[in-house]
Structures are given as C-alpha cells and as structure tokens.
Amino acid sequence: MSWSLLFFLLVGAVSLAAALGVVTSRQPVHSALFLLTNFATLAVLYITLDAQFLAAAQVIVYAGGIVILILFVIMLIGGDTNDFSAAQRAWSRTVGIALGTILLLTVSYSVLARMAGPSEETAALLQGGTPEAVGIALFTKYVLPFELIALLLLVALIGALVLGRQQEGAGEGIPSVKANE
Amino acid sequence: MMLETSYYLVLAALIFTVGATGVLLRRNALIIFMCIEMMLNSVNLTLIALARQWGDLEGQIFVFMIMAVAAAEVAVGLAILIANVRHRKSINIDEINLLKW
C-alpha cells in the first residue's frame, strides 16, 4: 500500500466520520463543528488533487465564512432543540434510511461499473490549480461569469439585509427557540 | 504517485449520501442547512477530481463559482430562517408549513 493511498484513506475516513457526526449530533453546535472538520479534510484532499487555490478558498469561504455564519445563527436563535421528532412518525426514519441506501447503491454502482471496465490512460498530471493559473483563467476566459458572480453576491447581500431587518415597531429582538416547545 | 480518481469519486458519493440522508432524517432546519452544504462540497470534490483526471482547469473554475453561489445561498437561507423564527418561534421544519396546500 503506497503512502498516498494510506494518506487518502486516513483523511477520507476522518471526512466521512465528520459527515456522519453532522447528521447524528443532537446539538446543532456539535453539528457545526463536525461540519468544520469535514470542510477542513476536504481542503486537504483538494491539495492532493493539485487544486491549491481552491484549498485555500475552501478554508477561507467555508470554514471562515459559512461555518461562522451558521454558528452565529445558532447563538442567535438558540437551536437547542432535540429534534429527532421525525421519529414520532414511525415510517419517517425507515423511509429516510431506505432512500439513503438506495441512493448510495445507485451512485456506487455507476462508479464501480466504470472501475471494472477497461481503464483509459489517465491524462497528464494537472500542473495548474495554483492561484496564478486559476486567476489567469478567471480574468481572461471566464471574466463574464466572474462579474455575474459579483452581481449575484450583491443581490444576496441586499436580500439577506431585507429579510433579516427588524420589522417597524417590533423591537423585542429575535426570540429564542425553547427546547421542544 | 497519482491516486486513482475513482477513490475520490467513491468518497464524494459517500459524503453526498450521508448529506442526503441527513436532509431526510433531521427536522432541525439548521442541520438540514449544514447537510446541504456538505452535499455541495462533495460535488466540489467530484469536480476537482475530474478536473485533474482530464488535465483541465474548467472543473476548478466551476468549483469556484459553486463556492460563491453557496455563500450567497447560506446568507439568504439563514436570513429566511431568522425571519421565520421571528414569526413562528420555531426552526422545526414540520411546523413551517405555511405554504402547504
């Protein structure tokens, strides 16, 4: 077993375990921390895939931005609810697990069937993925999508502001969610 | 040594499945949010692995765009969640049924 495979298996196992932790944690804060672990391990895998710029962007955007935002909302609304209430409907958990298994089987079949077939020669090692290469591609060939993304982010910013704004006259702040109210 | 792309694809499929199962199982809107983020990330892993497989940067550009869209989605989604908590005092999606016919 080569070292790169061993490294991939270790990081992949941590990533998968963190993903399972997100789903099974009872506290939303624990879920958010597992999510952070998952994002960090994926950033490591991006580096092994020669995507250095995206690994850095992953850490900054997901770990630094999105997880912090989610944590802020958890603090704001106190998501301390034990919400396995889906189990109150007896069929819900069974159906969920069954559908998940079917999805896993379908996806892994499509991958494994491909693996069993004759393997084509893999392309040459991608030398790009450095900030320089990605930046040149972004600002030459893909400059229009890049500008559109900027517009999308502006619209999202305004939308979030409008939605999150306090209503006129209602000055009591955000009520917190009580456990199993 | 280069690892085979299929390993990454299998890992991405597993993470995607865990995320989808979480969306089906959990009723806390915040955790459903995190599961959706996880699914987006597993697709990013697929795109980057295939970008290396074919020696093409376009997959990585695509991932860059997906990251921006995910950030926008999180900002708007969490704002909707907070607005809903203001009105209904709940983040259990079984109780968010105003638009249900």
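Worth saying up front: this structure is predicted, and the values here are computed from it rather than measured.

1. Some thoughts on the overall build of chain A
A count of helices and strands for chain A gives six helices and zero strands. Across the 181 residues in chain A, those meeting the buried criterion constitute 33%.

2. Details of the overall build of chain B
Helices and strands together make up the secondary structure of chain B, namely three helices and zero strands. Element order for chain B, N to C, with α for helix and β for strand: α-α-α. In chain B, buried positions account for 62% of the 101 residues. Here the contacts in chain B between residues at least 6 apart in sequence split such that 58% fall between residues at least 24 apart. Within the structure as shown, chain B displays about 4,000 Å² of accessible surface, and the carbon and sulfur contribution to it stands at 71%.

3. Some words on the interface of chain B and chain A
Of the residues lining the interface, 68 residues belong to chain B; the matching set on chain A comes to 86 residues. The junction of chain B with chain A conceals about 7,000 Å² of combined surface from both sides, 77% of it contributed by carbon and sulfur atoms. Counting every contact that joins chain B to chain A gives one salt bridge. Here Glu58 of chain B and Lys141 of chain A are joined by a salt bridge, their closest N and O atoms 3.1 Å apart. The interface formed by chain B and chain A contains eight residue pairs in polar contact (both at pLDDT 80 or more). Of all elements in the fold, only helix 1 (5-25), helix 2 (29-53) and helix 3 (58-88) of chain B reach the threshold of two or more residues within the side of chain B that touches chain A. Ranked by residues supplied to the side of chain B that touches chain A, first place goes to helix 3 of chain B with 22 residues. When the residues that make up the side of chain B that touches chain A are grouped by side-chain class, the tally is 47 nonpolar, 12 polar and nine charged.

4. Here's the deal with the packing of helix 6 (residues 143-164) of chain A against helix 3 of chain B
Between helix 6 of chain A and helix 3 of chain B, whose axes approach to 9 Å, the crossing angle comes to 10°. On the basis of the axis angle, helix 6 of chain A is roughly parallel to helix 3 of chain B. On helix 3 of chain B, the residues that touch Pro145, Phe146, Ile149, Leu152, Leu153, Ala156, Ala160, Leu163 and Gly164 of chain A of helix 6 of chain A are Phe64, Met65, Ala68, Val69, Ala72, Ala75, Val76, Ala79, Ile80, Ala83 and Arg86 of chain B. Taken together, the residues of the contact of helix 6 of chain A with helix 3 of chain B break down into 18 nonpolar, one polar and one charged.

5. A word on unusual backbone geometry
Residue and element names in this part refer to chain A. The backbone of Asp50 sits at a positive phi, close to 60°, despite the residue not being glycine. Structurally, the position occupied by Asp50 is in the loop between helix 2 (28-48) and helix 3 (52-77). The buried category is assigned to Asp50, whose relative accessible area is 17%.

6. Here we look at a nonpolar patch on the surface
On the surface, a nonpolar cluster with roughly 1,100 Å² of combined accessible area is contributed by Phe139, Val143, Leu144, Leu148, Leu151, Leu154, Val155, Leu157, Ile158, Leu161 and Val162 of chain A. Among the structural elements, Leu151 of chain A can be located in helix 6.

7. A few points about the packing of aromatic side chains
By the definition in use, this model includes six aromatic pairs over all chains. Centre to centre, the rings of Phe39 of chain A and Tyr62 of chain A are 4.8 Å apart; their planes meet at 55°, and the pair counts as tilted. Linking Phe39 of chain A in helix 2 with Tyr62 of chain A in helix 3, this pair joins segments that are 23 residues apart in sequence. Take Phe39 of chain A: its relative accessible area is 1%, and that puts it in the buried class. Through a chain of ring-to-ring contacts, three or more aromatic side chains come together here, namely Phe53, Phe139 and Phe146 of chain A together with Phe64 of chain B.

8. A few points about the confidence of the model for chain A
Mean pLDDT over chain A stands at 79; residues scoring 70 or higher make up 76%. Low pLDDT, under 50, characterises residues 119-126 of chain A; the predicted model gives this stretch 16 contacts beyond four residues in sequence or across chains.

9. Details of the nonpolar core
Among the nonpolar cores identified, the biggest contains 61 residues, and Ile70 of chain A together with Leu30 and Leu45 of chain B are the most heavily contacted of them. Among the elements that take part in this core, helix 3 of chain B stands out by supplying 12 residues, more than any other. Viewed by domain, this core spans two of them, domain 1 (1-82) and domain 2 (127-165) of chain A, each represented by three or more residues.

10. Quick notes on helix 1 of chain B
In this model helix 1 of chain B runs 30 Å from its N-terminal to its C-terminal C-alpha over 21 residues, within 8% of the 30 Å that 1.5 Å per residue would give. Among the 21 residues that make up helix 1 of chain B, 15 are buried, leaving the element largely enclosed by the rest of the structure.

11. Digging into helix 1 (residues 3-24) of chain A
At 3.6 residues per turn, the α-helix brings residues three or four places apart onto the same side. For helix 1 of chain A, with 22 residues, the first-to-last C-alpha span of 31 Å sits near the 32 Å given by 1.5 Å per residue. Looking at helix 1 of chain A, one finds that the buried residues are Leu5, Phe8, Val11, Gly12, Ser15, Ala18, Ala19, Gly21, Val22 and Val23 of chain A. Tucked inside the fold, the buried residues of helix 1 of chain A contact helix 2 of chain A together with helix 1 and helix 2 of chain B.

12. Quick notes on the side chain of Ser31 of chain A
Turning to its location among the elements, Ser31 of chain A is positioned in helix 2. Dropping the residues within four chain positions of it, Ser31 of chain A is found in contact with Gly21, Val22 and Ser25 of chain A together with Ile31 and Met34 of chain B.

Calculation notes
- Residues numbered from 1 in each chain as written.
- Chains lettered and ligands numbered in written order.
- Predicted model: local features only at pLDDT ≥ 70, side-chain atom pairs only at ≥ 80, totals over all residues.
- Heavy atoms only, no water.
- Helix = DSSP H or I, 4+ residues; strand = E, 2+ residues; numbered from the N terminus.
- Buried < 20%, exposed > 50% of the residue type's maximum accessible area, 1.4 Å probe, protein only.
- Contact = heavy atoms within 4.5 Å.
- Areas by Shrake-Rupley, 256 points an atom, 1.4 Å probe, with all protein chains shown as cover.
- Buried area = accessible area lost by both parts, 1.4 Å probe.
- Salt bridge = Lys/Arg side-chain N within 4 Å of Asp/Glu carboxyl O.
- Polar contact = N/O pair within 3.5 Å; in protein donor to acceptor, adjacent residues only side chain to side chain.
- Nonpolar A, V, L, I, M, F, W, Y, C, P; charged D, E, K, R; others polar.
- Axes fitted to C-alpha atoms, helices over the stretch in contact; angles between N-to-C directions.
- Parallel < 35°, antiparallel > 145°, perpendicular 65-115°, else oblique.
- Patch = residues over 30% accessible without salt bridge, like charges linked within 9 Å, V, L, I, M, F, W, Y side chains within 5 Å.
- Phe/Tyr/Trp six-rings, centres within 6.5 Å; stacked < 30°, edge-to-face > 60°.
- pLDDT = per-residue confidence, 0-100.
- Core = buried A, V, L, I, M, F, W, Y, C linked by side-chain atoms within 4.5 Å.
- Domains from an automatic or database assignment.
- Expected span 1.5 Å × (residues − 1).

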